[in-house]
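Examining the three-dimensional arrangement
Letter by letter, the chains look like this.
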Protein chains: 2
Amino acid sequence: MKVRRSDRLIDMTRYLLERPHTLVPLTFFSKRYESAKSSISEDLAIVRRTFAQRQTGILETVPGAAGGVRYIPIMGKAEATDFIGAMANRLSETDRLLPGGYVYLSDLLGTPDVLRQIGRLIATQYLDQKVDAVMTVATKGIPIAQSVSQFLNVPFVIVRRDSKITEGSTVSVNYVSASSARIEKMELSKRSLAAGSGVLIVDDFMKGGGTVNGMRSLIAEFDAKLVGISVFAEGNFSGDRMVSDYTSLIRVDEVDTKANTLHAVAGNYMDKNMAKLEELSK
Amino acid sequence: MKVRRSDRLIDMTRYLLERPHTLVPLTFFSKRYESAKSSISEDLAIVRRTFAQRQTGILETVPGAAGGVRYIPIMGKAEATDFIGAMANRLSETDRLLPGGYVYLSDLLGTPDVLRQIGRLIATQYLDQKVDAVMTVATKGIPIAQSVSQFLNVPFVIVRRDSKITEGSTVSVNYVSASSARIEKMELSKRSLAAGSGVLIVDDFMKGGGTVNGMRSLIAEFDAKLVGISVFAEGNFSGDRMVSDYTSLIRVDEVDTKANTLHAVAGNYMDKNMAKLEELSK
């Protein structure tokens, strides 16, 4: 039975939203709704217009026999600025400061709506790069990796500091923790990353960058390529960071351990992505 | 500017899909699209019909001044059967068996599409129960907890076996690992769970049920209430399980450590939820 336009638009929207960065041939929709390709093209033009107006994402058209449409999620400039501002305020709340200059983030990183926004924001930065996998270190980076992986529609891999038999054979590297100056070990399941993969590193919190640096060594061990480094928050670190080229959504700029307060501001995300966000907002 | 119906339907679909289990007042849409409430009601009737036909979910209407609509994601019976069958086949692939009867799952539990289906499936079982938080134990349960939490739109909390300073004060319990008969310790950040919360326990793999049992003690320590226990896969366990009332999507029924193969079948999910799935498919 032929499906009405209104019903097609609703189902198409859902179908595309669930499959970011995936090429869907027009013939697929044409069969699914028993409708002419010309009608499907008109539908997609409406979806494209609405997604653009609401800054939901870009509906890319790939012409030709092997063509189709591809939904690329984005976060627009205004929404990005608002979200980062709101997160900086949340981080500045009292009671978040923990011993050692760490910040309590488990509530934020356990809230689906916050994770969705973080994922969309980080994915926007890498939308035109070849990311084959998102990498993070257990435990707190996992929710961020999972959310980014959803929006880029690629798998994520979890590096561990403790050996677990349920990973099978692993590849391990030693790394120096910049905060404690100790040598530690991290490992990744051997079969989880193919040689040549483009890897995006994400983490919840970066101080000296030792952990991120360890993941970089691990990527080299797998003959994979580093695409970028994105962290939710960067801490206040007195000393040389082991990592210089990274993106942070939030920066903790003042920590008062006596009063037990901290002050957080926007990280370097907006500066690094201003040109792209303005281009996308057109 | 008044927004056209086609554009409204697309944006409304996205808006609702991103906010499961959330009551959205009609006046919100009416303002957002500068359209009459009567038009919005007609739109929502179309969305409801399409969501029902495609088994995307239920669009619930709450009448009255404080009313609105609420989107409840579901997975229909046919899709659930197919997904569980496909997962059982994936688990039966060679090379998944690890020492000790464990199963390599990191690839599946790092794939966004698989996680989305697991989340929808588990959330369907609890759609009419009062779940305030999803609980899991680090590390491998996290992706499942996060996906379920998205579809139920509630926070998730992560229990840890290793103490980390970035959690702040914690509450800990001892538990007996059924597989190794050793006493272990697990802990949860004190501020992560409010007294009286309804808690859904999820995990990737259950053998003797010791870990799940530990989480149950932890829920009692927080004066919270256990709503249910759902695991992705249950292993082959010779002995008394510490947990009897649980739901599993997959069951590993045969393990041949000499040939290094295993055979997986559907768990008890379909049996436990048949009545509900048939009701939802109407």
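Residues numbered from 1 in each chain as written. Chains lettered and ligands numbered in written order. Predicted model: local features only at pLDDT ≥ 70, side-chain atom pairs only at ≥ 80, totals over all residues. Heavy atoms only, no water.

This part covers the pattern of salt bridges. Scanning the entire structure with this criterion turns up 46 salt bridges over all chains. The closest approach of N and O atoms between Glu60 of chain A and Arg70 of chain A, which form a salt bridge, is 3.0 Å. You can see Glu60 of chain A sitting in strand S2 (residues 57-62) and its partner Arg70 of chain A sitting in strand S3 (residues 68-73), a full ten residues away along the chain. Owing to a relative accessible area of 32%, Glu60 of chain A belongs among the partly exposed residues under this scheme. Since its relative accessible area comes to 24%, Arg70 of chain A is described here as partly exposed. For Lys276 of chain B, the salt bridge goes to Asp128 of chain B, with nearest N and O atoms at 3.1 Å. Placement of the pair is Lys276 of chain B in helix H8 (residues 269-280) and Asp128 of chain B in the loop between helix H5 (112-125) and strand S4 (133-137), with a sequence separation of 148 residues. On the accessibility criterion, Asp128 of chain B (54% relative accessible area) is exposed. Salt bridges linked by common partners bring Asp11, Arg14, Glu18, Arg19 and Arg32 of chain A together with Arg54, Asp113 and Arg116 of chain B together as one network. (Salt bridge = Lys/Arg side-chain N within 4 Å of Asp/Glu carboxyl O. Helix = DSSP H or I, 4+ residues; strand = E, 2+ residues; numbered from the N terminus. Buried < 20%, exposed > 50% of the residue type's maximum accessible area, 1.4 Å probe, protein only.)

It is worth spelling out unusual backbone geometry at this point. In this structure, Thr139 of chain A follows Ala138 of chain A across a cis peptide bond, with omega equal to 5 degrees. Non-glycine residue Asp95 of chain B carries a positive phi angle of around 80 degrees. Looking at where Asp95 of chain B falls in the secondary structure, it is placed in the loop between helix H4 (77-91) and H5.

Right, let's talk about the UniProt feature "domain: Bacterial purine repressor N-terminal" (unreviewed entry) in chain A for a bit. Within this structure's numbering, the places UniProt gives as "domain: Bacterial purine repressor N-terminal" (unreviewed entry) are residues 4-73 of chain A. In residues 4-73 of chain A, the share of helix is 53% and the share of strand is 20%. The end C-alpha atoms are 26 Å apart. (UniProt positions renumbered as here; feature names shortened; annotations may be inferred.)

All names here are of chain A. According to the stated counting rule, one finds twelve aromatic pairs over all chains in the structure shown. An angle of 45 degrees between the planes, with centres 6.1 Å apart, marks the rings of Tyr102 and Phe205 as tilted. One end of the pair, Tyr102, is in the loop between helix H4 (77-91) and helix H5 (112-125); the other, Phe205, is in strand S8 (residues 198-206), and 103 residues separate them in sequence. Tyr102 gets classed as partly exposed once you look at its relative accessible area, which sits at 23%. (Phe/Tyr/Trp six-rings, centres within 6.5 Å; stacked < 30°, edge-to-face > 60°.)

A word on the interface of chain A and chain B. With 58 residues of chain A in contact, the opposing surface of chain B contributes 58 residues. The contact between chain A and chain B buries some 4,900 Å² in all, and 55% of this surface belongs to carbon and sulfur atoms. Along the contact surface separating chain A from chain B lie six salt bridges. Between Arg49 of chain A and Asp7 of chain B there is a salt bridge, with the nearest N and O atoms lying 2.5 Å from each other. At the boundary of chain A with chain B, the tally comes to 19 residue pairs in polar contact (both at pLDDT 80 or more). When residues of the side of chain A that touches chain B are traced back to their parent elements, those giving at least two are helix H1 (5-17), helix H3 (37-53), H5, helix H6 (142-152) and strand S5 (156-159) of chain A. For the side of chain A that touches chain B, the element with the most residues is H1 of chain A, which contributes eight residues. Among the residues forming the side of chain A that touches chain B, the class breakdown is 23 nonpolar, 17 polar and 18 charged. (Contact = heavy atoms within 4.5 Å. Buried area = accessible area lost by both parts, 1.4 Å probe. Polar contact = N/O pair within 3.5 Å; in protein donor to acceptor, adjacent residues only side chain to side chain. Nonpolar A, V, L, I, M, F, W, Y, C, P; charged D, E, K, R; others polar.)

For the pair chain A and chain B, the relating rotation is 180 degrees, the translation along its axis is 0.0 Å, and the fit reaches an RMSD of 0.0 Å. Put plainly, the chains are arranged around a two-fold axis. A symmetric contact is evident, with 100% of the interface residues of chain A recurring at the interface of chain B. (Least-squares fit on C-alpha atoms with pLDDT ≥ 70 in both.)

Next up on the list: the sheet that holds strand S1 (residues 23-24) of chain B. Sheets are built from strands paired through backbone hydrogen bonds, the pairs being either parallel or antiparallel. Residue and element names in this part refer to chain B. Spatially, the three strands line up as an open sheet ordered S1-S3-S2, and their pairing is antiparallel. Strand pairing shows two members of the sheet lacking a second neighbour, S1 and strand S2 (57-62), which therefore form its edges. For S2 and strand S3 (residues 68-73), the ladder comprises six bridges, and the chain directions are antiparallel. Within the sheet, the bridge partner assigned to Gly57 lies in S3 and is Pro73. Helix H3 (residues 37-53) contacts S2 and S3 of the sheet and is inclined by roughly 145 degrees relative to S2. (Pairing = 2+ DSSP bridges. Axes fitted to C-alpha atoms, helices over the stretch in contact; angles between N-to-C directions.)

Residue and element names in this part refer to chain A. For chain A, the domain assignment lists domain 1 (5-72) and domain 2 (77-280). Tallying the contact residues gives seven residues for domain 1 and nine residues for domain 2. Together, the buried faces of domain 1 and domain 2 total about 600 Å²; carbon and sulfur atoms form 47% of this surface. Three residues, Pro20, His21 and Gln55, lead the burial of domain 1 against domain 2; their summed loss comes to 65% of the area buried on that side. The tally of links between domain 1 and domain 2 comes to zero salt bridges. (Domains from an automatic or database assignment.)

Moving on, we get to the sheet that holds strand S11 (residues 261-266) of chain B. Residues and elements named next belong to chain B. Taken in spatial order, the six strands make up an open sheet running S5-S4-S8-S9-S10-S11, and their pairing is mixed. Looking at which strands have only one partner, the edges of the open sheet turn out to be strand S5 (156-159) and S11. When strand polarity is set aside, the average angle formed by the axes of neighbouring strands in this sheet is 25 degrees. Sheet topology note: the S4/S5 ladder contains four bridges and is parallel. Residue pairing for S5: Val134 is matched across the bridge by Phe156. Contacts between helix H6 (residues 142-152) and the sheet are confined to S4, S5, strand S8 (198-206) and strand S9 (225-234), with S8 contributing the most and set at about 140 degrees to the helix. Against the sheet, helix H7 (residues 210-221) engages S4, S5, S8 and S9, with an angle of about 165 degrees to S8.

With that out of the way, let us pick up helix H7 (residues 210-221) of chain A. Spanning twelve residues, H7 of chain A covers 17 Å between terminal C-alpha atoms, matching the ideal 16 Å at 1.5 Å per step. Residues of H7 of chain A that are buried in the fold lie against strand S4 (133-137), S5, strand S6 (170-176), strand S7 (183-189), S8 and strand S9 (225-234) of chain A. (Expected span 1.5 Å × (residues − 1).)

On to the packing of H4 of chain B against H8 of chain B. Each pair of packed helices gets described by two things: the angle between the helix axes and the distance between those axes. Residues and elements named next belong to chain B. Where H4 meets H8, the closest approach of the two axes is 10 Å, and the angle between their N-to-C directions is 160 degrees. Between H4 and H8, the interaxial angle falls into the category roughly antiparallel. Crossing angle aside, the handedness with which H4 passes H8 is right-handed. For the pair H4 and H8, the contacting residues are Lys77, Ala80, Thr81 and Ile84 in the first and Tyr269, Met270, Met274, Leu277 and Glu278 in the second. Grouping the constituent residues of the contact of H4 with H8 by class yields six nonpolar, one polar and two charged. (Parallel < 35°, antiparallel > 145°, perpendicular 65-115°, else oblique. Left-handed = near helix turned anticlockwise from the far one by under 90°.)

Glancing now at the side chain of Ser189 of chain A. Counting through the fold element by element, Ser189 of chain A comes out in strand S7. Each residue touching Ser189 of chain A, except ones within four places of it in the same chain, is listed here: Glu167, Ser169, Thr170 and Phe222 of chain A together with Tyr104 of chain B.

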